[in-house]
Amino acid sequence: MSAIPDKPALEGLEAKWDGVWSEQGTYLFDRLRSAELGRESVYSIDTPPPTASGSLHIGHVFSYTHTDVKARYERMRGKNVFYPIGWDDNGLPTERRVQNYYGVRVDVTLPYDPDFTPPFEGNAKSLKAADQQPVSRRNFIELCEKLTVEDEKQFEDVFRQLGLSVDWTQTYRTISDETIRQSQLGFIRNHERGEAYQALAPTLWDVDFRSAIAQAELEDREQPAAYHRLAFHKTDGSGDIHIETTRPELLAACVALVAHPDDERYQPYFGKTVRTPLFDVEVPVRAHHLAQQDKGSGIAMVCTFGDVTDMVWWRELDLPIRTILGLDGRVIAEAPEAITSEAGLAAYAEIAGKTVFSAKKRMAELLEESGELLEVSKPFNHAVKFFEKGDRPLEIVSTRQWYIRNGARDEDLRDQLIAHGNELQWHPDFMRVRYENWVGGLTGDWLISRQRFFGVPLPVWYGLDENGDREYDRVLMPAPELLPIDPTIDVPAGYTEDQRGKAGGFEAETDILDTWATSSLTPQLAGGWQRDEELWNLVAPFDVRPQAQDIIRTWLFSTMLRSTLEDQRSPWKHASISGFIVDPDRKKMSKSKGNVVTPADILDKHGSDAVRYWAASSRLGVDAAFDPQNPTQMKIGRRLAIKILNAAKFVLSFPVSEGAQVTHALDASMLTALDQVVADATAAFEAFDHARALEVTESFFWTFCDDYLELVKERAYDQTDVGQPSAALALRIALSTLLRLLAPVVSFAAEEAWSWFEEGSIHTAAWPEPGSLSLSKGPGGDATVLDVASAALIGIRRAKTEAKVSQKTPVSRAVIAAPADSIKALRAAAGDLSAVGRIAELEIVAGDELTVTEIVLAPAEEN
């Protein structure tokens, strides 16, 4: 136990108790205990690994506190809490941060430089891509590893200051050797079962990141556009068919016109052909139900590829591919084979090498010159697909990529995923619909390969034929015991290094796995899957997956998919979904919007308990507004934390005598009311409603401080009063109970106050059991005694305030009226009311409502 300071303060508690918790191993997972007691003794948490590419924001503090509050509650309930944390190192955000931080970019043709020093340290964001210094792939990866480790140290510092009770010995990185091994093993097992495959197909492509993008990583953004009305020429010479398009620059990639099968205007032309303007290429007119009769002219130009609908039409109508956009987002130099006319080739040469924007402008000019551009509409805004972390609209290019089957084309798998989602307990339950809508709306399998550098290498080589060409049906993979591997460095079994890239030899896959393909294995990475089977059996399936709502479609779904494919079960029993943090204008806080608030200054200014209180005040699934200029909830939380310290010091000033019992009706009443608070808070925590648990506890805490403490302090001070031992004991019992109820939220102040009179950490102390206070209540534990006494005390205070006198002013006589069913309870507290109100004569009479009907102040000379 520690000494009670003269002036309790919140300052310095974070550093003090973080050090103590680390030294004493307060939050360590006790594996030996769980091995003895079995899986039921464990509460396991699949903690989100934050992306280590910059800084944490206030949203992290918000959602991670929700998880921590639940973890602390379960620990106090006697569970052995497995609470790991990981760092999501790899992926496009990390690469972009490294480029902006060091001013470098990858050139795969450059050799590794062991003595390389980056040109910048943290101030290269303004550089254009062309001005970034080219480095080898290996040098770039080393810079990624260096910077992510530094970022992770800063993240850990913030999380420690916030008071997350994670087990810091149970950490992982999504790019470590062990993680790479498990991630590669998971992929190989998917491939062996036929769930992972490779295909040449249209791919959503980010021209800045030079990488394929999965469906789950898309977002719509409003972009300006205009309809261009073009004349396609009927091949029988009978006139033109007019179409409207926002992408005239893709005219050279046109493969068909499509109208709705019920559209009478175009039914005569189905099965016939037209010729494209400018390029004079013959294309068919086809029918498809996705064509919109009321949009534009009712007939659409199908290009490979302008948007995702083009992809559907191409696949379902079995159309050819005419590619004109390269991976750099520019029009490729070579015209499609279908363009054969001299005029058509000359027109194509006008746009070759141009960006999409420049090609659109030039194409409009060429069409206007030819007379085939009939009209350009007024500009308007429409939704365009972006990579969620990208800056330019996505293009669609044909590339060879790796996929994992996800139920989009497999009804049995889709039904299995829906069933596992139904088995999962969602908090709040309405979030289940977002998962089901995502599963039901999938249009293609999960694209898992990325054309980047810092990530888990796809463990694949390809055999080369006698001409040195890849044989994509001859995929070479390593034996599991050889993992992890890098195919660009390692050699497949049966080959030697000098056969790399040679005819009859092999070639490495240079793509990496999408970061979600590794993050989808967080239960396996943290829980020891295929590494430590004893640990895996103790923690899996995990008890809870806490996360934000916006990554249900990515992280939650992908993890559910991998678990379903591998173990045919859900990876967790519960999913707790936090809402968003929004700014005062109710806009979601995000780095892209520039309205993010970083937590370090907030934690320093208001204190961690205040920030935790603010976060815990919001229910799961509910968005919370945060105004850094007026953080009202944090101010309330700070006031609560300070009050905890001061109230504890005050209560502990009353010694509890040996053999003391609760004998006074008011004391028993308070403990009875507190017993109900314990029951309500416990039920709320069990239902993942931390906000309700905090609400009922905090409400009673203020009643305890403002009313009960005031009512009994005179009796507790008076050692000659026969009721003193009862008051002192009741105060101590209440303090112990309230501190434990508040400890999951106001963790530092509760630990500090607990240390003044108890051994060990409050965070490993037993949670108060509902009904446990009954032994302390003694006879007559009527909860209404405290209620009516509090109401009477408020009336006495009000009467003195209205008389404009001090609350310490003596009262000669006071009369309190009360309903008949309250009189007995009020009389039980009459002695304490008289003492606190300094009332010489207190009369209690019957009345319609509880009110102070008369108060006579003592003469001035008696004051």
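See the structure above.
Calculation criteria
- Residues numbered from 1 in each chain as written.
- Predicted model: local features only at pLDDT ≥ 70, side-chain atom pairs only at ≥ 80, totals over all residues.
- Heavy atoms only, no water.
- 1 Å grid on protein atoms, 1.4 Å probe; cavity = no way out; pocket = protein on both sides within 12 Å on 5 of 7 lines; lining within 4 Å.
- Points joined across faces, edges and corners; volume = space filled by probe spheres on them.
- Helix = DSSP H or I, 4+ residues; strand = E, 2+ residues; numbered from the N terminus.
- Buried < 20%, exposed > 50% of the residue type's maximum accessible area, 1.4 Å probe, protein only.
- Contact = heavy atoms within 4.5 Å.
- Pairing = 2+ DSSP bridges.
- Axes fitted to C-alpha atoms, helices over the stretch in contact; angles between N-to-C directions.

**A short note on the layout of surface pockets**
And then number 1: Taken as a whole, the second largest pocket encloses approximately 1500 Å³ of empty space.
And then number 2: Lining the second largest pocket are 49 residues, and of these Thr246, Arg247, Gly306, Asp307 and His382 lie nearest its centre.
And then number 3: Elements represented by at least two residues in the lining of the second largest pocket include exactly β9 (218-225), β11 (240-245), β15 (299-303), α7 (308-316), α9 (356-370), β17 (380-387) and β18 (395-404).

**Regarding helix α22 (residues 747-754)**
Working note: α-helix, 3.6 residues per turn, so residues spaced by three or four point in the same direction.
And then number 1: Judged by how many residues are buried, α22 sits mostly within the fold: eight of eight residues are covered.
And then number 2: All of the buried residues in α22 are Ser747, Phe748, Ala749, Ala750, Glu751, Glu752, Ala753 and Trp754.
And then number 3: In this structure, the buried side of α22 is in contact with α1 (13-24), α3 (58-76), α5 (137-162), α17 (608-616), α18 (632-651) and α21 (724-742).

**Describing the sheet that holds strand β19 (residues 425-427)**
And then number 1: The parallel open sheet is built from three strands, whose spatial order is β19-β27-β26. The open sheet is flanked by β19 and β26 (542-548), the only strands paired with a single partner. Taken pair by pair, the neighbouring strands of this sheet meet at an average axis angle of 20°, ignoring direction.
And then number 2: Along the sheet, helix α15 (residues 552-567) makes contact with β19, β26 and β27 (572-578), crossing β26 at roughly 160°.

**Points about unusual backbone geometry**
And then number 1: The linkage connecting Thr304 with the following residue, Phe305, adopts the cis geometry, with an omega of 5°.
And then number 2: Within the secondary structure layout, Phe305 lies in the loop between β15 and α7.
And then number 3: Even without being a glycine, Asp280 presents a positive backbone phi close to 55°.
And then number 4: Its place among the elements puts Asp280 in the loop between β13 (273-275) and β14 (282-287).
And then number 5: Of the residues examined, Asp280 reaches a relative accessible area of 36% and is grouped as partly exposed.

**So, the environment of Arg315**
And then number 1: On the secondary structure map, Arg315 appears in helix α7.
And then number 2: Overall, Arg315 belongs to the partly exposed group, its relative accessible area being 40%.

Geometry only, nothing functional implied.
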